[in-house]
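Architecture and fold: a report
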Amino acid sequence: MMNFDRHRICATALAIGIASIAPSNVAQAEGAIAVGILNNDARLGYASGWSSNQSNAAAAQELAIRNCRTLETAPQNVRNTCKIVRTFSNQCVVVALDPENGTPGAGWAVAPTRALAEQEAKRECERTAGPGRQGKCTETDGVCDGTAR
């Protein structure tokens, strides 16, 4: 019995010691991106919304969905299809679109840096835009979460 109590006391002291040296008010950085697209065809409309620096994943997802569903530049039937496509923490999100109306170019990416997220989002946008629209996609929106830059 004595060894068990000593073990429990040592474990409790270790836990208190670790808790006292850990940062006490580290902000959680949670983000999410939601996308709405009809029949996987951006020519019919495209909506996206993101969130960053939220206290938890549920809050991040809720805000991203709300932002996607209230995007006034997208048709209501497209906004109704918004769903969470990715959550992230301490990363950047970028959305890229082909600026010409009626083209299918749309892409998004989450990456450790904004530059990398922009590069990946443009690459995805160009892939969906097709060969005649290469080099036309531009970043339309983006943000970095937490410590990402």
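So, a few notes on the structure that sits alongside this text. (Residues numbered from 1 in each chain as written. Predicted model: local features only at pLDDT ≥ 70, side-chain atom pairs only at ≥ 80, totals over all residues. Heavy atoms only, no water.)

Re the overall build of the chain
From N to C terminus, the chain includes four helices and six strands. The order of helices and strands in the chain, counted from the N terminus, is α-β-β-α-α-β-β-β-α-β. For the chain, the accessible area works out to roughly 8900 Å², and carbon and sulfur atoms hold 53% of it. (Helix = DSSP H or I, 4+ residues; strand = E, 2+ residues; numbered from the N terminus. Areas by Shrake-Rupley, 256 points an atom, 1.4 Å probe, with all protein chains shown as cover.)

Structural notes on the sheet that holds strand β1 (residues 30-37)
The strand order β2-β1-β3 describes an open sheet built from three strands, whose pairing is antiparallel. Every interior strand has two partners, whereas the edge strands, β2 (46-54) and β3 (83-88), have only one. When the angles between neighbouring strand axes are averaged without regard to direction, this sheet yields 15°. The pairing of β1 with β3 spans five bridges and is classified as antiparallel. Residue pairing across strands places Ala-34 opposite Ile-84, the latter belonging to β3. Of the strands in this sheet, β1, β2 and β3 touch helix α2 (residues 57-69), which is tilted by about 150° from β2. (Pairing = 2+ DSSP bridges. Axes fitted to C-alpha atoms, helices over the stretch in contact; angles between N-to-C directions. Contact = heavy atoms within 4.5 Å.)

Here we look at the pattern of salt bridges
All told, the structure shown has seven salt bridges when counted by the stated rule. With its nearest N and O atoms 2.7 Å apart, the salt bridge here joins Asp-98 to Arg-133. Of this pair, Asp-98 sits in the loop between β4 (92-97) and β5 (106-111) while Arg-133 sits in the loop between α4 (114-129) and β6 (138-144), and the two are 35 residues apart along the sequence. As far as burial versus exposure is concerned, Asp-98 and Arg-133 are alike and both buried. Taken together, the shared-partner salt bridges in this structure form one network comprising Asp-98, Glu-100 and Arg-133. (Salt bridge = Lys/Arg side-chain N within 4 Å of Asp/Glu carboxyl O. Buried < 20%, exposed > 50% of the residue type's maximum accessible area, 1.4 Å probe, protein only.)

A few points about the state of the cysteines
Tallying each qualifying case throughout the model produces three disulfides. Between the sulfur atoms of Cys-68 and its disulfide mate Cys-82 the distance is 2.0 Å. Taking the sign of the torsion about the S-S bond as the criterion, the disulfide between Cys-68 and Cys-82, at about -70°, is left-handed. Taken together, the positions of Cys-68 in helix α2 and Cys-82 in the loop between α3 (76-79) and β3 put the pair 14 residues apart, joining distant regions of the chain. There is no split in this pair, since Cys-68 and Cys-82 are both buried. Paired through a disulfide, Cys-92 and Cys-144 show a sulfur-sulfur distance of 2.0 Å. Residues Cys-92 and Cys-144 are joined by a disulfide whose S-S torsion is about 105°; by sign, that bridge is right-handed. With a gap of 52 residues between them, Cys-92 in strand β4 and Cys-144 in strand β6 connect regions that are remote in the sequence. Each of the two residues, Cys-92 as well as Cys-144, counts as buried. (Disulfide = S-S within 2.5 Å.)

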